Amino acid sequence: MSFRRALALAACGLAGGSALLSAVVVGKQPGRGSDADPRQGSSSATAPPAAAAPPGLLLLPPSASCPPAPGWIERPAANSGYWDSNWDRREPLALINLKKKNEETGEEELSSRLSHFKAKATRHIFLIRHSQYNLDGRADKDRTLTPLGREQAELTGKRLASLGIKFDQIIHSSMTRATETTEIISKHLPGVKKVSTDLLREGAPIEPDPPVSHWKPEAVQYYEDGARIEAAFRNFIHRADVKQEEDSYEIFVCHANVIRYIVCSCLLQSIEVLRLFS
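Given the structure is predicted, the values throughout are model-derived calculations rather than measurements. (Residues numbered from 1 in each chain as written. Predicted model: local features only at pLDDT ≥ 70, side-chain atom pairs only at ≥ 80, totals over all residues. Heavy atoms only, no water.)

(A) Structural detail: the overall build of the protein chain. The secondary structure content of the protein chain amounts to 7 helices and 5 strands. Mapped in sequence order, the helices and strands of the protein chain form the string α-β-α-α-β-α-β-α-β-α-β-α. Here the contacts in the protein chain between residues at least 6 apart in sequence split such that 76% fall between residues at least 24 apart. With an accessible surface of roughly 15800 Å², the protein chain has 53% of that area assigned to carbon and sulfur atoms. (Helix = DSSP H or I, 4+ residues; strand = E, 2+ residues; numbered from the N terminus. Contact = heavy atoms within 4.5 Å. Areas by Shrake-Rupley, 256 points an atom, 1.4 Å probe, with all protein chains shown as cover.)

(B) Inspection of the side chain of histidine 255 at higher detail. Tracing the sequence through the fold places histidine 255 in the loop between strand S5 (248-254) and helix H7 (256-266). Among the polar contacts made by the side chain of histidine 255, one reaches the side chain of serine 173 at a distance of 2.8 Å. With residues up to four places along the chain from it excluded, the contact list for histidine 255 reads Arg129, His130, Ser173, Met175, Arg177, Ala178, Leu200, Arg201 and Glu202. (Polar contact = N/O pair within 3.5 Å; in protein donor to acceptor, adjacent residues only side chain to side chain.)

(C) Here's a closer look at helix H4 (residues 147-162). For H4, with 16 residues, the first-to-last C-alpha span of 23 Å sits near the 22 Å given by 1.5 Å per residue. Of all the positions in H4, only Gly149, Gln152, Ala153, Thr156, Gly157 and Leu160 are classed as buried. The arc that holds the buried residues of H4, viewed along the axis, is 135 degrees, so those residues lie on one side. Set apart from the buried face of H4 by more than 90 degrees, the exposed residues are Pro147 and Leu155. In the stretch just after H4, glycine 164 is the one whose phi turns positive, near 70 degrees. (Expected span 1.5 Å × (residues − 1). Buried < 20%, exposed > 50% of the residue type's maximum accessible area, 1.4 Å probe, protein only. Arc of directions from axis to C-beta.)

(D) Just the packing of aromatic side chains, in detail. This structure, assessed with the given rule, holds 3 aromatic pairs. Judged by centre distance (5.4 Å) and plane angle (80 degrees), the rings of phenylalanine 126 and phenylalanine 167 are edge-to-face. With phenylalanine 126 in strand S2 (residues 123-129) and phenylalanine 167 in the loop between H4 and strand S3 (169-173), the pair connects residues that are 41 residues apart, well separated along the chain. A single burial state applies to phenylalanine 126 and to phenylalanine 167, both of which are buried. Against the face of tyrosine 133 rests arginine 177, its NZ or CZ located 4.2 Å from the ring centre. (Phe/Tyr/Trp six-rings, centres within 6.5 Å; stacked < 30°, edge-to-face > 60°. Lys NZ or Arg CZ within 6 Å of the ring centre and 35° of its normal.)

(E) Up close: the packing of helix H6 (residues 219-236) against H7. The N-to-C vectors of H6 and H7 enclose an angle of 60 degrees; their axes lie 10 Å apart at closest approach. Relative to H7, the element H6 is oriented oblique. For H6 against H7, the interelement crossing comes out right-handed. Contacts between H6 and H7 pair Gly226, Ile229, Glu230 and Phe233 from the former with Val258, Tyr261, Ile262, Ser265 and Cys266 from the latter. For the contact of H6 with H7, a count of residues per class yields 6 nonpolar, 2 polar and 1 charged. (Axes fitted to C-alpha atoms, helices over the stretch in contact; angles between N-to-C directions. Parallel < 35°, antiparallel > 145°, perpendicular 65-115°, else oblique. Left-handed = near helix turned anticlockwise from the far one by under 90°. Nonpolar A, V, L, I, M, F, W, Y, C, P; charged D, E, K, R; others polar.)

Geometric values such as these leave the question of function open.
Listed below in structure tokens is the structure:
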């Protein structure tokens, strides 16, 4: 899958509404990217002027104007112009002890040793945001799906069933609205295992910029939620295990910020890019 195709698929589930679908394919090695970060700029008087924006492209302010990314994020510089093939720490070459290879087996053994660590299958991941829910609920248990939300989940379940795909599992947030969405969807996918996890619960991984009036988490929440959602990414979003023989199809039912975070991370983008999502 090309970089542009992956981007198109990843973005399709984030364009407004609820219970929308996107897919991220994780498996075979992508080509090296060459897209540079459009956010060019410097406060130095001797720095060259930024290139003019092509028609329809909005140039963003210099990254220095935004707060730094949290310390737990390990992403290459956005303008580095290359793809980090070890993005999930499962790159075959990174799993081999090169010193041992050179001293004991010789260079000619590298190819055969790499084959033991290469993924043979591809994981197909479908990201689904929960359906519309009751915003007036004070506690999570009170934020149940609205009638429209239940209808959205029914339509999503029917759509997934119509794809003719044998899904392996549904992994969902333990929050009420995501659990209810999963229960409705699963009626159309009988026999598919369901797994609940707190890692996919909604949260605030980074402070909104500009600020929003309707949601103002405490500063400590950004620290805690960001680390938790990063843990969810590392646990669930990675290439297929070397022991996996056949392609797999997995559904994740979670929340807007979690999906935004996963998409940014899959594209090796700074978490600051999350602020640009509607």
